[in-house]
Amino acid sequence: MSKAAARTHFRSLRREMDPERRRREAQGIQGHLLDWLGHDGGARTLTSVLSYGAEPPTADLLADLHRRGHRALVPICEPERRLSWADWYPGVPMARATVAPIDEPVGERHGLEVMEDVAVVLVPAQAVDPSGGRLGQGGGYYDRFISSLRPLAHPPVLLAMVYEHELVPSGTFEVGPQDQPVDGVLTSAGITWIGEPLAP
């Protein structure tokens, strides 16, 4: 499928998901992530989107990360399709975003330098293939961001977070040279690594 056709297809499948299945898969995603993070009990910094619409819900995940002592950063859409980052915690003041129909934290914005402290980036996706190819929303924000991480000495682990049916065979959707791959795919079935398993 072309990217446009694939986006239409997978968006439709998400909208048609039974709410109970969506809730159950979100719980599974959360459980597998926390199990993977919990091997040594250390507190880490992670990023996650504030879910919107039919995306895998992240509210409970973010709250649980905070309860366990992890630091959570959420993306802020900036001009020229760039991302900055803001701290999320329960009760953080929120305001409507200027470039998207969502609310985002009010307060300090962090640039790329904060990624030196980030262990894991939970990457939004509509579908992912076994080589780590990712179908995003089409804005290019995350492809630009992931590309900017490559020069870091210790870049964060990139985990695409999707529903089980969105881990699809190679060739299901177009993947171009500008599309940045992820390191693994997090679903309610567990983490599927693209190469060797990575530690958080």
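Values in this document were obtained by computation on a predicted structure and should not be read as measured data.

Conventions and cut-offs
- Residues numbered from 1 in each chain as written.
- Predicted model: local features only at pLDDT ≥ 70, side-chain atom pairs only at ≥ 80, totals over all residues.
- Heavy atoms only, no water.
- Salt bridge = Lys/Arg side-chain N within 4 Å of Asp/Glu carboxyl O.
- Helix = DSSP H or I, 4+ residues; strand = E, 2+ residues; numbered from the N terminus.
- Pairing = 2+ DSSP bridges.
- Buried < 20%, exposed > 50% of the residue type's maximum accessible area, 1.4 Å probe, protein only.
- Contact = heavy atoms within 4.5 Å.
- Axes fitted to C-alpha atoms, helices over the stretch in contact; angles between N-to-C directions.

S.K.: Help me understand the pattern of salt bridges in this model?
M.R.: Where side chains of opposite charge bring their charged atoms close, a pairing between them can arise. For the coordinates displayed, the defined rule picks out 11 salt bridges. For Arg23, the salt bridge identified is with Glu20, shortest N-O distance 2.4 Å. In this pair, Arg23 and Glu20 are both assigned in helix α2 (residues 19–37), 3 residues apart and thus about one turn of the helix distant. The partner of Asp87 in a salt bridge is Arg71, and the shortest N-O contact between them spans 2.7 Å. With Asp87 in strand β3 (residues 82–88) and Arg71 in strand β2 (residues 71–78), the pair connects residues that are 16 residues apart, well separated along the chain. By sharing partners, the salt bridges in this structure join Glu20, Arg23 and Arg24 into a single network.

S.K.: Just checking my understanding: could you explain unusual backbone geometry for this structure?
M.R.: Its identity as a non-glycine residue notwithstanding, Glu80 has a phi of 60 degrees, on the positive side. By the secondary structure assignment, Glu80 is in the loop between β2 and β3.

S.K.: How do you make sense of the pairing of β2 when you look at a structure like this?
M.R.: When strand β1 (residues 45–47) meets β2, the two strands line up parallel, connected through 3 bridges. Bridging from a neighbouring strand, Thr45 pairs with Arg71 of β2. The hairpin turn running from β2 into β3, its antiparallel successor, is 3 residues long, and Glu80 in that turn takes a positive phi close to 60 degrees.

S.K.: Explain the pairing of strand β11 (residues 190–193) to me, please; I cannot follow it from the model alone.
M.R.: A regular strand places its side chains so that they alternate between the two faces of the sheet. Across 4 bridges, the pairing between strand β10 (residues 184–187) and β11 is antiparallel. The residue of β11 that forms the bridge with Thr187 is Gly190.

S.K.: Looking at this structure, I do not really get the side chain of Ser48. What am I missing?
M.R.: Position of Ser48 among the secondary structure elements: in the loop between β1 and α3 (59–67). Ser48 sits in the buried class, given a relative accessible area of 1%. Contacts of Ser48, omitting those with residues within four sequence positions, involve Thr58, Leu62, Leu73, Val74, Pro75 and Leu122.

S.K.: What is the right way to read the environment of Gly136 from this model?
M.R.: Topologically, Gly136 is positioned in the loop between β8 (134–135) and α4 (141–149). Residue class for Gly136 comes out buried when judged on its relative accessible area of 10%. Considered as a pair, Gly136 and Arg96 are 40 residues apart in the sequence and their alpha carbons are 22 Å apart. Apart from residues lying up to four places away in sequence, Gly136 is in contact with Arg7 and Gln126.

S.K.: Is there a simple way to think about the sheet that holds strand β6 (residues 118–124) in this case?
M.R.: As a general point, the strands of a sheet are linked pairwise by backbone hydrogen bonds and lie either parallel or antiparallel. The 7 strands lie next to each other as β3-β2-β1-β6-β9-β10-β11, forming an open sheet whose pairing is mixed. In this open sheet, the two strands that pair with only one neighbour each are β3 and β11. Each strand axis lies, on average, 30 degrees off the axis of its neighbour in the sheet, ignoring direction. Here 3 bridges tie β1 to β6, and the two strands are oriented parallel to one another. What sits directly across from Leu46, in β6, is Val120.

From the geometry alone we can't say anything about function, so treat these as descriptive.
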